[in-house]
Amino acid sequence: MASDAVGLRASVPGWPLAVFRIAYGVLFLDMALQKAPWISFGWLEGFIRKEIANPTFGWYAAFLQNVVLPNFTLFALQTFVIELALGVALLLGILTRLAGAAGFAWQVNIALGAFNVPGEWYWIWPLLALPLFCFAATGAGRVFGVDCILEPALRRRAAEGHGWARVVQYAV
């Protein structure tokens, strides 16, 4: 019998991660609503201008200046929709692996521009991104989430030969 000296095969209760996932869902919903179209996208444009004025990477600041700002409404609406979708997915625990992976990428994207903004604590970006990675890696929606209903149904469909179910299984 192989030993597990570092605990890689250890099992932990899922409910604390589910509570954390639900709280993150609320966080994303709050962030989305702060940038809602009906409030002219809130503070988003001002923050983008701070990112341009204090670039982490010159190429990223140039992208914000030359692509995002001239098309601000499109990018702001995209931001609102993505953060709203991430919030709902994490809150309800639906397609949680996909939401965790997308949220991780989203936070890394934001960190690329925001890392040097004055008043932004540089540790905030890994603290926002890494839990999303954990949600993706663990399937955190399978406890207190819709994924706990979807996963067995998708497994049955995949066993019956439905290729689409095998693909969607990776998202839960």
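Residue indices begin from 1 for each chain and proceed along its sequence in written order. pLDDT decides what is reported in this predicted model: residues at 70 or higher carry local features, side-chain atom pairs at 80 or more are listed and counted, and totals for whole chains, interfaces and linings draw on all residues regardless. Side-chain metrics rest on all non-hydrogen atoms present in the structure, leaving aside hydrogens and water.

### Notes on the confidence of the model for the chain
Test applied: Every residue carries a pLDDT, the predictor's confidence in it, which falls somewhere between 0 and 100. Here a strand is any run of E in DSSP of at least two residues, a helix any run of H or I of at least four, and the numbering for each starts at the N terminus.
Looking at the chain as a whole, its pLDDT mean stands at 93, while 94% of the residues score no less than 70. Of all the helices and strands in the chain, helix α8 (residues 163-169) carries the lowest mean pLDDT, 91, while helix α4 (residues 72-92) carries the highest, 98.

### Describing the environment of Tyr170
Condition: Partly exposed describes any residue whose relative accessible area lies between the buried limit of under 20% and the exposed limit of over 50%, with all areas from a 1.4 Å probe on protein chains only and scaled to the type maximum.
One can find Tyr170 in the segment after α8. Looking at Tyr170, the relative accessible area reads 64%, which means it is exposed. Each C-alpha atom of the pair Tyr170 and Arg97 lies 7.1 Å from the other, and the pair is 73 residues apart in sequence.

### Quick word on unusual backbone geometry
Backbone geometry places Phe41, a non-glycine residue, at a positive phi of 65°. By the secondary structure assignment, Phe41 is in the loop between α1 (15-34) and α2 (44-53). The buried category is assigned to Phe41, whose relative accessible area is 9%. Phi at Phe144 is positive, roughly 55°, even though this residue is not glycine.

### Here we look at the pattern of salt bridges
Let me state the cut-off plainly: Counted as salt bridges are all cases of a side-chain nitrogen of Lys or Arg within 4 Å of a carboxyl oxygen of Asp or Glu.
Inspection of every chain in the model, using the stated rule, returns 3 salt bridges. The residue Glu83 makes a salt bridge to Lys35 at a minimum N-O spacing of 2.5 Å. Of this pair, Glu83 sits in helix α4 while Lys35 sits in the loop between α1 and α2, and the two are 48 residues apart along the sequence. Take Lys35: its relative accessible area is 4%, and that puts it in the buried class. Note that Glu45 is salt-bridged to Arg49, the shortest N-O span being 2.8 Å. One end of the pair is Glu45 and the other is Arg49, both in helix α2 and 4 residues apart, which spans about a single turn. By relative accessible area, which is 30% here, Glu45 ends up partly exposed. On the basis of relative accessible area, Arg49 is assigned to the partly exposed category, the value being 45%.

### Structural notes on the side chain of Thr79
Rules: Contact criterion: two residues are considered in contact whenever any of their non-hydrogen atoms come within 4.5 Å of each other.
Inspection of the secondary structure puts Thr79 in helix α4. Ignoring anything within four residues of it in the chain, the contact list for Thr79 reads Lys35, Leu44 and Trp106.

### A closer look at the layout of surface pockets
Rules: Lining residues are those with an atom within 4 Å of a point, where the points come from a 1 Å grid over the protein atoms alone and group into cavities, where a 1.4 Å probe fits but cannot get out, or pockets, open sets with protein on both sides within 12 Å along at least five of seven lines. Grid points are joined across faces, edges and corners, and a volume is the space filled by probe spheres set on the points. Any residue outside Ala, Val, Leu, Ile, Met, Phe, Trp, Tyr, Cys, Pro, Asp, Glu, Lys and Arg is labelled polar, Gly included; the first ten of those are nonpolar and the last four are charged.
There is about 530 Å³ of room inside the largest pocket. At the level of elements, α1, α2, α3 (58-68), α4, α5 (96-114) and α6 (124-138) are the ones that each hand at least two residues to the lining of the largest pocket. For the lining of the largest pocket, the element with the highest residue contribution is α4, accounting for 5 residues. Per-class residue counts for the lining of the largest pocket are 18 nonpolar, 4 polar and 4 charged.

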